[in-house]
Amino acid sequence: MDLARPDLRPDPSLSRAEMESLQREIAAAATFADDHALDPDSVAVGEAASLADGLPPARSDAVANETLPGTGGAGDESEAPTVVGVDQAFLTDRDDGRPDAAVSAAVALRGGSVIEYASATTPLSIPYIPGLLAFREGDPILAALDALDADPDLLVCDGSGRIHYREAGLATHVGVLRDVPSVGVAKRLLCGEPDESTDERPEGWRTPICADDAVTTAEPGTVIGHAFQSRQYPNRKRVNPLYVSPGHRVSAETAVDLVAALCAGYKLPETTRLADAHAERAKGDAA
DNA sequence: GCGACAG
DNA sequence: ATCTTGTCGC
């Protein structure tokens, strides 16, 4: 599976206490600061993909991904970073409470357009438990990333990163195991407290999420993410904000700037919309 | 015991 | 997350 930190890979038979302990190690190994200075402008998506008539085709981008013989290879500044969105759908046996499987999708974007789709189907180990989501969805996500040829400069995960009881949400978990910059985008708040009320805020508005008593590994008041109003209707009922947090190697501020740049008129960033749609397609193909 | 709890 | 119909508004 090519993990950057194989020592932190969860054993399938961990107890709950062991999973929580591993999360503290993962959080300790995580960096909640910008080290490679990903520029939000370089990942910006101009126009939203229209999911109405199917997913957009993956643009062939083999040349840009190739290392030319005799050339340096690393870090071509003229090329836009590869941003990979991951999401999953689940298969349930209709018959009698049979165990289900996760269908994970990874979609790679460069310069605002899709360059590759990948997916993987993985048996599920544990049920959903708040705070332990990464132990259910982590391996399936890694499997989808393994199926991807492109190598990510940034991962966008469906769920929290640092906004987590032990600062080790799904985005942090995956980011640390692969040692790749990552951000978490959640539709609901797991823990922490918004600085200001999130009611009826205009598009583009944001406020810090500060650690509260539920966050056991951080001083109360530590900024662990942001609420971000990515979308708002002019005349209609309110839209809930997104909860954006650093996964790994990204600061809270940059995380929300990156997600803002990846939004193109919908509540969810394009990476998430496309990964969600691809997971549904793959699920349908399986069934 | 009660409340809170990503996907 | 998943199971599902209609409904409102741009």
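The rules we used
- Residues numbered from 1 in each chain as written.
- Chains lettered and ligands numbered in written order.
- Predicted model: local features only at pLDDT ≥ 70, side-chain atom pairs only at ≥ 80, totals over all residues.
- Heavy atoms only, no water.
- Core = buried A, V, L, I, M, F, W, Y, C linked by side-chain atoms within 4.5 Å.
- Buried < 20%, exposed > 50% of the residue type's maximum accessible area, 1.4 Å probe, protein only.
- Helix = DSSP H or I, 4+ residues; strand = E, 2+ residues; numbered from the N terminus.
- Contact = heavy atoms within 4.5 Å.
- UniProt positions renumbered as here; feature names shortened; annotations may be inferred.
- Near = heavy atom within 4 Å.
- Polar contact = N/O pair within 3.5 Å; in protein donor to acceptor, adjacent residues only side chain to side chain.
- Nonpolar A, V, L, I, M, F, W, Y, C, P; charged D, E, K, R; others polar.
- Axes fitted to C-alpha atoms, helices over the stretch in contact; angles between N-to-C directions.
- Parallel < 35°, antiparallel > 145°, perpendicular 65-115°, else oblique.
- Left-handed = near helix turned anticlockwise from the far one by under 90°.
- Phe/Tyr/Trp six-rings, centres within 6.5 Å; stacked < 30°, edge-to-face > 60°.
- Lys NZ or Arg CZ within 6 Å of the ring centre and 35° of its normal.
- Pairing = 2+ DSSP bridges.
- Right-handed = clockwise from strand over helix to strand, strands pointing away.

Student: Help me get a handle on the nonpolar core, residues and values and all.
Tutor: Val84, Val86, Ala106, Leu145, Leu148 and Val174 are the most contacted members of the largest nonpolar core, which has 36 residues in total. Listing elements by their share of this core, those giving two or more residues are helix 1 (16–29), strand 1 (82–93), strand 2 (98–110), strand 3 (113–123), helix 4 (133–146), strand 4 (154–158) and helix 5 (170–178). Of all the elements, helix 4 adds the most residues to this core, at 8 residues. Not counting chain neighbours up to four residues away, the residues in contact with Val84 comprise Ala106, Val107, Ala108, Leu145, Leu148, Pro152, Leu154, Leu155 and Val156. In this structure, Val43, Val156, Phe228 and Ala275 belong to the second largest nonpolar core, which totals 29 residues.

Student: Before we move on, can you summarise the UniProt feature "site: Interaction with target DNA" (unreviewed entry) in chain A with the specific residues and values?
Tutor: Following the UniProt record, the feature "site: Interaction with target DNA" (unreviewed entry) maps to Tyr128 here. Mapped onto the fold, Tyr128 is located in the loop between strand 3 and helix 4. Apart from the residues lying within four places of it in its own chain, the contact partners of Tyr128 are Leu133 and Arg136.

Student: Got a sec to walk through the protein's contact with DNA strand C? Specific residues and values, please.
Tutor: Residues in contact with DNA strand C, as listed here, are Ala89, Phe90, Lys187, Asn235, Arg236, Glu280 and Lys283. Restricting attention to atoms of DNA strand C within 4 Å of the protein, one finds that 82% of them are sugar or phosphate atoms. Phe90 places a main-chain nitrogen or oxygen 3.4 Å from a phosphate oxygen of DNA strand C. Those elements giving two or more residues to the surface near DNA strand C turn out to be strand 1 and helix 7 (270–286). Among the residues forming the surface near DNA strand C, the class breakdown is 2 nonpolar, 1 polar and 4 charged.

Student: Any details on the packing of helix 4 against helix 5? Residues and values, ideally.
Tutor: In the contact formed by helix 4 and helix 5, the axes pass within 9 Å of each other and the chain directions differ by 45°. Judged on the interaxial angle alone, helix 5 and helix 4 are oblique. You can see that helix 4 and helix 5 cross each other, and the crossing is right-handed. Contacts between helix 4 and helix 5 involve Leu133, Ala134, Phe135, Glu137, Gly138, Ile141, Leu142, Leu145 and Asp146 on the former and, on the latter, Leu170, His173, Val174, Leu177 and Arg178. Counted by class, the contact of helix 4 with helix 5 contains 9 nonpolar, 2 polar and 3 charged residues.

Student: Provide a residue-level description of the side chain of Arg178, including the pertinent values.
Tutor: Looking at the secondary structure, you find Arg178 in helix 5. The class for Arg178 is buried, based on a relative accessible area of 18%. The contact partners of Arg178, leaving out residues within four places of it in the chain, are Met1, Asp2, Leu3, Ala4, Leu142, Leu145 and Asp146.

Student: Break down the protein's contact with DNA strand B for me, citing the residues and quoting the values.
Tutor: Lining the immediate surroundings of DNA strand B are 17 residues, of which Tyr128, Gly131, Ser160, Tyr165 and Lys187 lie closest. When atoms of DNA strand B within 4 Å of the protein are split into backbone and base, the sugar-phosphate part holds 54%. Taking Tyr128, its side chain carries an N or O atom lying 2.7 Å from a phosphate oxygen of DNA strand B. Here the residues of the surface near DNA strand B are counted per class, giving 9 nonpolar, 5 polar and 3 charged.

Student: So what's going on with the packing of aromatic side chains? Residues and values would help.
Tutor: Throughout the structure, instances matching the rule amount to 0 aromatic pairs. Across from the ring centre of Tyr266, 3.7 Å away, lies the NZ or CZ of Arg273, which sits over that ring.

Student: Tell me about the pairing of strand 4, and name the residues and values.
Tutor: Counting buried positions along strand 4 yields 5 of 5 residues, so the element is predominantly enclosed. On strand 4, burial covers both faces: Leu154, Val156 and Asp158 on one face and Leu155 and Cys157 on the other are all buried. Bridge count for strand 1 against strand 4 is 3 bridges, and the pairing is parallel. Considered in strand 4, the bridge of Val84 is made with Leu155. Summarising the sheet, strand 4 and strand 5 (residues 182–186) pair through 4 bridges and their orientation is parallel. When the sheet's bridge partners are listed, Leu155 is paired in strand 5 with Ser182. Assessed by its sense of winding, the connection that carries the chain from strand 4 through helix 5 to strand 5 is right-handed.

Student: Pulling in residues and values, what's your account of helix 5?
Tutor: Taken across its 9 residues, helix 5 has 9 buried, putting it largely inside the fold. Taken as a whole, helix 5 has its buried residues at Leu170, Ala171, Thr172, His173, Val174, Gly175, Val176, Leu177 and Arg178. Phi turns positive one or two residues past the end of helix 5, at Asp179, with a value near 50°.

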